[in-house]
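What follows is each chain in one-letter form.
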Amino acid sequence: MIQLAQILFILSVLVILHEFGHYITAKMFKVKVEKFYLFMDAGFALIKKKIGETEWGIGWLPLGGYVKLSGMIDESMDTEQMKQEAQPWEFRSKPAWQRLIIMLGGIIVNILLAWFIFTIMYTTVGKKVISTEELQKNGLSFGEVGQNVGFKNGDKIVAIDGKFYDDFKFMTMGVLFGDKIEIDRQGEKVELLLSDEQKGEIIKKEGRGFVHARSEMNRYFMDSFKGKKNTFEKYDEIVGVNEKRFTYVDEFVDTMKNLKADSITLVLNRNNNEILVTTAVDTSLTNFNNYGLAYNYNLKNSIISGFAENSIGEEQGLQFNDKIIRVNNTAVETNKALNKILSENKEKEISLTVLRKGEEVTLPIKLDKTGKLGIGLDDKEEEKFTVVEKLGFAAAFPEAVKQSWSLFKYNVQSLKLIARPKTGAYTQVQSPIGIARRLPDSWNWEFIWNFTALFSIGLAFMNLLPIPGLDGGHALFTIAEMITGKTLSDKAMGYVQTAGMIILLTLMALTFGKDIYIWISEIFFNKN
């Protein structure tokens, strides 16, 4: 529900302000605005009230919104009015340059909104950049697909098409947008040229997760055994293989994949002592998430980010963003220490103290026979690579403009990628339903406003596309009229508008249908 509330809030802000851009420019040029609607009122409206000459309302279908201008064929497809003699207050009576400004009004407001939000964010919480230099200081770790297309664990990305991205968010997408990737591989310069098919494999199977910071070996411990109880004990940590110690998880994974022998000697850290255990080769060990290894979060930096189904913790009062600090009045600093205490108190009541909105809250928690709270943790791993710079207004505004331009170019590059069928990027296009499911499960104003600014630039770009039915389509015909001095007939404009609406509704049906299908499939899968 929180995700739904967030997407409805963001869409409402964007739609109201976008349509206000059309409204205010129309009023500037004395065009009558008949309707101003948030969301579509197909068949009926949830709320409506006429104030002056304009009917204000909220539709039941959350697919954008609209303003209806007198003397214009728009989403309402009202052609009856166009059969009458043009009136001075109608859109069609105004000079082409005024009509062009009215059509671009929503787009202009979207851009100004992004500038405003970024400026305020940079002057309050600061400009936040995930430092590429810091994140890949020890090299990068790649998923299976990333390695198959030519990357190797430990690589550092030097440039993409000659450009270095200081923000890692843009670096990862730059790999998919660019042509030539320059790599530093243990001091040797290497160039990669990815084909559309290879990019498609990354998009389809791993997405942005194809590359990330290297994870240290000592951050994992054995939590369950899955048939290996004679080899491991709970809380064992894998240190190395055949007496070779590893610093990073990817070193261990690569070693396991390349083993030729039938048995190996694992180096384990058990109760702060190193021991050697000989066992049969088990390549499933390389999948840390599925094998039974748990991540040893530093609880000082970690918050509760999710709950399992029928979570004991959630049922008994734990909340999103709680930070666990004590159990039975004993400080706990790591997930491993927390797990040990919980395991020792199965089917008992414990006293759990959390930090919630800056205040300590102590909860009595009755554990079941599993000794699990049923919570998910997030240690904000990226935050340790995040550089925060608080800016004054004079510096914040140009940075906001620069960030907005970068996001606009990102949208252009995304469209180019989508237009290349071999990449399969078109399958990743999401409706508001798909976007909502990616939003956090807790309300975070900083995230919401940043996402609103990002979405606002996306909305501006989308509306600039020269598709009939969108602002860009109307603007294109108006510009053509200004150049040639000729206009389309009302009948032809009706046909064009109808074709545009069919295209848009088809695309919407496909994206919404896909996301609803995925949503229902996941619900069904999780229940079975």
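All values reported here derive from a predicted model rather than from experimental measurement.

Visitor: Could you give an account of the nonpolar core, naming the residues involved and the relevant values?
Guide: Among the nonpolar cores identified, the biggest contains 54 residues, and Phe151, Ile157, Val175 and Ile181 are the most heavily contacted of them. The residues touching Ile157, leaving out its near neighbours within four places in the chain, are Gln136, Leu140, Phe151, Phe164, Met171, Val175, Ile181 and Glu182. Core analysis: the second largest hydrophobic core is formed by 37 residues, Phe232, Ile304, Phe307 and Leu338 among them.

Visitor: I'd like a description of the side chain of Lys199, backed by residues and values.
Guide: Among the structural elements, Lys199 can be located in helix H6 (residues 196-205). For the buried Lys199, which has no salt bridge, the nearest side chain bearing the opposite charge is Asp179, at an N-O separation of 4.3 Å. Reaching out from Lys199, the side chain makes a polar contact with the backbone oxygen of Gly178 at a distance of 2.6 Å. With near-sequence residues (within four places) excluded, Lys199 lies in contact with Val175, Leu176, Phe177, Gly178, Asp179, Leu194 and Arg420.

Visitor: An account of the sheet that holds strand S7 (residues 188-193) is requested, with residue identities and associated values reported.
Guide: Read across the open sheet, the 3 strands follow the order S5-S6-S7; overall the sheet is antiparallel. Whereas interior strands pair on both sides, the edge strands pair on one side only; in this sheet they are strand S5 (156-160) and S7. Within this sheet the neighbouring strands show an average axis-to-axis angle of 30°, counted without direction. Note: S5 against strand S6 (residues 180-185), 4 bridges, orientation antiparallel. Within the sheet, the bridge partner assigned to Lys156 lies in S6 and is Asp184. In the packing of helix H5 (residues 168-177) onto the sheet, contacts are made with S5 and S6, and the angle to S5 comes to roughly 65°.

Visitor: With reference to specific residues and values, describe the packing of aromatic side chains.
Guide: For the structure shown, the criterion picks out 26 aromatic pairs. Taken together, a centroid distance of 5.5 Å and an interplanar angle of 80° make the contact between Phe29 and Trp97 edge-to-face. Highlighted residues: Phe29 in the loop between helix H1 (2-28) and strand S1 (33-51) and Trp97 in helix H2 (residues 96-124), separated in sequence by 68 residues. Clustering of aromatic rings is evident, with ring pairs tying together Phe20, Tyr23, Phe36 and Trp56.

Visitor: So what's going on with the packing of H1 against helix H13 (residues 445-464)? Which residues, and what values?
Guide: Running from amino to carboxyl end, H1 crosses H13 at an angle of 45°, the nearest separation of the two axes being 10 Å. With respect to each other, H1 and H13 are oriented oblique. Between H1 and H13 lies a crossing whose hand is right-handed. Contacts between H1 and H13 involve Gln6, Ile7, Phe9, Ile10, Leu11, Val13, Leu14 and His18 on the former and, on the latter, Trp445, Ile448, Trp449, Phe451, Thr452, Phe455, Ser456, Leu459 and Asn463. Of the residues contributing to the contact of H1 with H13, the split by class is 12 nonpolar, 5 polar and no charged.

Visitor: So what about the sheet that holds strand S17 (residues 330-331)? Which residues, and what values?
Guide: Spatially, S17-S16-S18-S19 is the arrangement adopted by the 4 strands of the open sheet, whose pairing is antiparallel. With one partner strand each, in any of the chains shown, S17 and strand S19 (359-366) form the two edges of the open sheet. Bridge count for strand S16 (residues 323-327) against S17 is 2 bridges, and the pairing is antiparallel. In the sheet register, Val327 faces S17, and the bridge partner there is Thr330.

Definitions and cut-offs
- Residues numbered from 1 in each chain as written.
- Predicted model: local features only at pLDDT ≥ 70, side-chain atom pairs only at ≥ 80, totals over all residues.
- Heavy atoms only, no water.
- Core = buried A, V, L, I, M, F, W, Y, C linked by side-chain atoms within 4.5 Å.
- Buried < 20%, exposed > 50% of the residue type's maximum accessible area, 1.4 Å probe, protein only.
- Contact = heavy atoms within 4.5 Å.
- Helix = DSSP H or I, 4+ residues; strand = E, 2+ residues; numbered from the N terminus.
- Lys, Arg positive; Asp, Glu negative; His and termini not counted.
- Salt bridge = Lys/Arg side-chain N within 4 Å of Asp/Glu carboxyl O.
- Polar contact = N/O pair within 3.5 Å; in protein donor to acceptor, adjacent residues only side chain to side chain.
- Pairing = 2+ DSSP bridges.
- Axes fitted to C-alpha atoms, helices over the stretch in contact; angles between N-to-C directions.
- Phe/Tyr/Trp six-rings, centres within 6.5 Å; stacked < 30°, edge-to-face > 60°.
- Parallel < 35°, antiparallel > 145°, perpendicular 65-115°, else oblique.
- Left-handed = near helix turned anticlockwise from the far one by under 90°.
- Nonpolar A, V, L, I, M, F, W, Y, C, P; charged D, E, K, R; others polar.

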